[in-house]
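Reading the structure
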Amino acid sequence: MGLIESIKENARKELKTIVLPESEDERVLKAAQIVLEEKTANVILIGNEDTIKSDAASCGANIEGATIIDPKSFDKIDAYIDELVELRKKKGLSREEATEIMTTEPRFFGCMMVRLGDADGLVAGSNSPTADVLRAAIQVIKTAPGINTVSSTFIMETADGKFGDNGLILFADCAVNPEPNAEQLADIASATAATAKSVVGLEPKVAMLSFSTMGSAKHPLVDKVQYACEILEDREVDFAYDGEMQADAAIVEAIGAKKAPNSSVAGKANVLVFPDLQSGNIGYKLVQRFAGAAAHGPIVQGLNKPVNDLSRGCSVEDISNLVAITATQC
Ligand SMILES: CC(C)(COP(=O)(O)OP(=O)(O)OC[C@H]1O[C@@H](n2cnc3c(N)ncnc32)[C@H](O)[C@@H]1OP(=O)(O)O)[C@@H](O)C(=O)NCCC(=O)NCCS
Ligand SMILES: CC(=O)OP(=O)(O)O
């Protein structure tokens, strides 16, 4: 059974409720139909009921069974507004401003549903930049206890099975931290190793990527990746990692053996940690488009409850798959 099929099977075992705030996007309505048909989650759509039903009819999506909630007539809206005022009181958010946010910004409203237990998880981002989804999630859901860095990973599924574990390989961070420092790179490595285990069922082998392998180049940017490896060593993490190394040394056995002969990760990596967001975001999109890989995510790591993002270029199937993944994280 493939990864997504087994995730869907797990999701069906205990049905969770996932909020889809971007009901104005017809891909979301079509994905809601798939999720309901496949019974991988209960679905909450946010917006005006008449508008959503008419949009669904226009695009041929059968959303029967989805719950539709309009923040403007929601019976708990006052409690939601109070909670946002409390959460943002150090930032001086007024009740008037909180009311505006809760009634006009569905991503914030959806995150509040998750925070207050009226839903289990949220998927958004097909119709908004990642930063908008992340701000709502970080401000409302907050980080999990003991976590300093929210980050993200894509589960890349390549067709020919040559790289990673039978074609499965996680890329991080491709969506959140523009210029991670060494501490944050180490945090990203740990969070992604945990996702590899918990979501994909892989024993993580983490390669800390650079344009240098084991000191072959000298540059402050290389030093940063080496320092991140030292931090992982100091933290005595419980997963295999190595670096710094180039992408070919990380994933091609013969090149790993030549460039990093003493490494237990080189040539076998199933988690790639990119040195910054430019390389990570460009890297995942090139593999997705050139290699025809499925890119599941970005799965957001380090939040107190599951909220996952999408690329605006996502397909209907990407959305329904990510809903199933989110349901298994609840
Ligand atoms: C994630 C991101 C939105 C945060 O933006 P920001 O401008 O720092 O957000 P804010 O200043 O509003 O910060 C909100 C809060 O989140 C915290 N925060 C920001 N990034 C964080 C992170 N990675 N981990 C933990 N907390 C974070 C801030 O400290 C702040 O906390 P506070 O409200 O208690 O002061 C920003 O880093 C970003 O835009 N990243 C790139 C997203 C992107 O464009 N991706 C490419 C396409 S996928
Ligand atoms: C993850 C990502 O790159 O999102 P988008 O394509 O929407 O910018």
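Further up the page is the structure itself.
Structure report, in brief. (Residues numbered from 1 in each chain as written. Chains lettered and ligands numbered in written order. Predicted model: local features only at pLDDT ≥ 70, side-chain atom pairs only at ≥ 80, totals over all residues. Heavy atoms only, no water.)

Regarding the overall build of the protein chain
When helices and strands are counted, the protein chain shows 13 helices and eleven strands. A burial count over the protein chain gives 52% of its 330 residues as buried. Restricting the contact set of the protein chain to residue pairs at least 6 apart, pairs at least 24 apart contribute 70%. Of the charged side chains in the protein chain, 32 are positive and 48 negative, and the gap between their average positions amounts to 1 Å. (Helix = DSSP H or I, 4+ residues; strand = E, 2+ residues; numbered from the N terminus. Buried < 20%, exposed > 50% of the residue type's maximum accessible area, 1.4 Å probe, protein only. Contact = heavy atoms within 4.5 Å. Lys, Arg positive; Asp, Glu negative; His and termini not counted. Charge placed at Lys NZ, Arg CZ, Asp CG, Glu CD.)

Some details on a nonpolar patch on the surface
Taken together, the side chains of I282, L286 and F290 present a nonpolar region at the surface, about 360 Å² in accessible area. Here I282 lies in helix α12 (residues 277-290). (Patch = residues over 30% accessible without salt bridge, like charges linked within 9 Å, V, L, I, M, F, W, Y side chains within 5 Å. Areas by Shrake-Rupley, 256 points an atom, 1.4 Å probe, with all protein chains shown as cover. Salt bridge = Lys/Arg side-chain N within 4 Å of Asp/Glu carboxyl O.)

Details of the pairing of strand β4 (residues 121-124)
With burial as the criterion, each face of β4 is covered, one bearing G121 and V123 and the other bearing L122 and A124. Bridge count for strand β1 (residues 17-20) against β4 is two bridges, and the pairing is parallel. Bridge pairing in β4 links V19 to L122. In terms of strand pairing, β4 meets strand β11 (residues 307-309) through three bridges, oriented parallel. Across the sheet, the residue bridging to V123 is N308, located in β11. (Pairing = 2+ DSSP bridges.)

The values reported here are purely geometric and, on their own, carry no functional implication.
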